[in-house]
Amino acid sequence: MNYLSAIYSKYLSSEKMLAVVSDEALIEKMIRFETGLARAQQKLGIIPSSAADAVIKVLNTTKVKPLDLAEGTLRNGIPVIPLLTIIREKLTVDTKEFLHYGATSQDTLDTAQILMVSDAIRLLSTMFEDFNSNLENLDKKFGRTRCMGRTRGQLAVPITFGLRIKSWMQPMSRQQQRLKELSVRLLKVQLGGAVGDLSFFKTNGKELLEELASQLGLASSTPWHSQRDVLAEFS
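Every value quoted in this text rests on a predicted model; they were computed, and no experiment measured them.

Peer 1: Hey, could you go over the pairing of strand β1 (residues 146-151) for me, with residue numbers and the actual values?
Peer 2: As paired elements, β1 and strand β2 (residues 154-160) share 5 bridges and run antiparallel to each other. Considered in β2, the bridge of Thr-151 is made with Gln-154. The antiparallel pairing of β1 with β2 creates a hairpin that spans 2 residues between the two strands, and Arg-152 there sits at a positive phi of about 55°.

Peer 1: Pulling in residues and values, what's your account of the packing of aromatic side chains?
Peer 2: For any pair of aromatic rings, the description consists of the separation of the ring centres together with the inter-plane angle of the planes. Counted by the stated rule, this structure contains 4 aromatic pairs. Seen from their ring centres, Phe-161 and Trp-168 are 6.0 Å apart, and the 85° between their planes marks the pair as edge-to-face. Note on Phe-200 and Phe-201: the rings are 5.2 Å apart at their centroids and 80° apart in plane angle, and the pair reads as edge-to-face. Take Phe-200: its relative accessible area is 42%, and that puts it in the partly exposed class. We classify Phe-201 as buried; its relative accessible area is 5%. Taken together, the ring pairs connect Phe-98, Tyr-101, Phe-200 and Phe-201 into an aromatic cluster.

Peer 1: Residues and numbers for the environment of Glu-89, please.
Peer 2: Here Glu-89 lies in the loop between α6 (80-88) and α7 (105-142). Taking the relative accessible area as the measure of exposure, Glu-89 reaches 63% and is therefore exposed. Residues Glu-89 and Val-58, spaced 31 residues apart in sequence, show a C-alpha to C-alpha distance of 9.9 Å.

Peer 1: Explain the side chain of Asp-107 to me, using residue names and the numbers behind them.
Peer 2: Within the secondary structure, Asp-107 is located in helix α7. At a separation of 3.0 Å, a polar atom in the side chain of Asp-107 contacts the main-chain amide nitrogen of Gly-193. Apart from residues no more than four positions distant in its own chain, Asp-107 is found in contact with Phe-33, Gln-190, Leu-191, Gly-192, Gly-193 and His-225.

Peer 1: Just give me the short version of unusual backbone geometry, but keep the residues and values in it.
Peer 2: Its identity is not glycine, yet His-100 carries a phi of approximately 60°, on the positive side. Positionally, His-100 belongs in the loop between α6 and α7. Given the relative accessible area of 10%, His-100 is considered buried. Non-glycine residue Lys-202 carries a positive phi angle of around 55°. With respect to the secondary-structure elements, Lys-202 resides in the loop between α8 (161-186) and α9 (205-216). In this structure Lys-202 comes out as exposed when scored by relative accessible area, which is 70%.

Peer 1: An account of the side chain of Ser-105 is needed here, citing residue identities and associated values.
Peer 2: Counting through the fold element by element, Ser-105 comes out in helix α7. Beyond its immediate stretch of four places on either side in the chain, Ser-105 contacts Ile-78, Val-80, Ile-81 and His-100.

Peer 1: Got a sec to walk through the packing of helix α3 (residues 23-43) against helix α4 (residues 49-61)? Specific residues and values, please.
Peer 2: Following both chains from N to C, one finds α3 and α4 inclined at 165°, their axes separated by 9 Å at the closest point. Considered as vectors, α3 and α4 are oriented roughly antiparallel to each other. Remark: the crossing between α3 and α4 carries left-handed chirality. In this structure, α3 uses Ile-31, Glu-34, Thr-35, Ala-38, Arg-39 and Gln-42 to contact α4, whose residues at the interface are Ser-49, Ala-52, Asp-53, Val-55, Ile-56, Leu-59 and Asn-60. For the contact of α3 with α4, a count of residues per class yields 6 nonpolar, 4 polar and 3 charged.

Peer 1: Hey, could you go over the layout of surface pockets for me, with residue numbers and the actual values?
Peer 2: Approximately 170 Å³ is the volume attributed to the largest pocket. Lining the largest pocket we find Ile-114, Arg-185, Leu-186, Lys-188, Ser-221, Thr-222, Trp-224, Gln-227, Asp-229, Val-230 and Leu-231. Among the secondary structure elements, those contributing two or more residues to the lining of the largest pocket are α8 and α10 (229-234). Residue contributions to the lining of the largest pocket peak at 3 residues, all from α10. A per-class count over the lining of the largest pocket returns 5 nonpolar, 3 polar and 3 charged.

Procedures and definitions
- Residues numbered from 1 in each chain as written.
- Predicted model: local features only at pLDDT ≥ 70, side-chain atom pairs only at ≥ 80, totals over all residues.
- Heavy atoms only, no water.
- Pairing = 2+ DSSP bridges.
- Helix = DSSP H or I, 4+ residues; strand = E, 2+ residues; numbered from the N terminus.
- Phe/Tyr/Trp six-rings, centres within 6.5 Å; stacked < 30°, edge-to-face > 60°.
- Buried < 20%, exposed > 50% of the residue type's maximum accessible area, 1.4 Å probe, protein only.
- Polar contact = N/O pair within 3.5 Å; in protein donor to acceptor, adjacent residues only side chain to side chain.
- Contact = heavy atoms within 4.5 Å.
- Axes fitted to C-alpha atoms, helices over the stretch in contact; angles between N-to-C directions.
- Parallel < 35°, antiparallel > 145°, perpendicular 65-115°, else oblique.
- Left-handed = near helix turned anticlockwise from the far one by under 90°.
- Nonpolar A, V, L, I, M, F, W, Y, C, P; charged D, E, K, R; others polar.
- 1 Å grid on protein atoms, 1.4 Å probe; cavity = no way out; pocket = protein on both sides within 12 Å on 5 of 7 lines; lining within 4 Å.
- Points joined across faces, edges and corners; volume = space filled by probe spheres on them.

What follows is the structure, encoded as structure tokens:
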């Protein structure tokens, strides 16, 4: 491990966050999308109820490891295709067609990533709150302590340590507000089908979007396949 890697590992990483963005987490979220899609389509009568039950059962009982998807991901450029291949092999001829019904691979991957981001935001919010709480305690204990202010790296005039602490707290408070505002734009389901117009589902498209969003705990949204600005904003 080189010096920078050691610094990152010790100071800039979080075991909880690493778990949120792990390969295993991505697989779990992709399966969650497919399960939610089957349940939503079952509820709306888009696919036969018996087929939906069979699809959901296989999705919930099949153990998929990152290594299982490695070769297929390298070949296809996306992990969704090898994942669906594994699941389809466990379905009967009569039920295979109802897995991932009317969706496209990017629907699965985008929504899975948003579900991971949702977990990350919850963790970040907790970290922000802990950070602010620690600073508030520090301010109560040492806020009136006198220390030297500096200008251009030189000693200037005495200030309180509390003034310095507040200069750390205020940007964090603004970041918390940004995260709340961003979440409204970001935490949305993606379902558009092959070209993003939901035409496969005919008149059921909007209702399916809303039901799928409800199943996954996300907001409903028009398809955003080619719109990455909010993801960039989060980054």
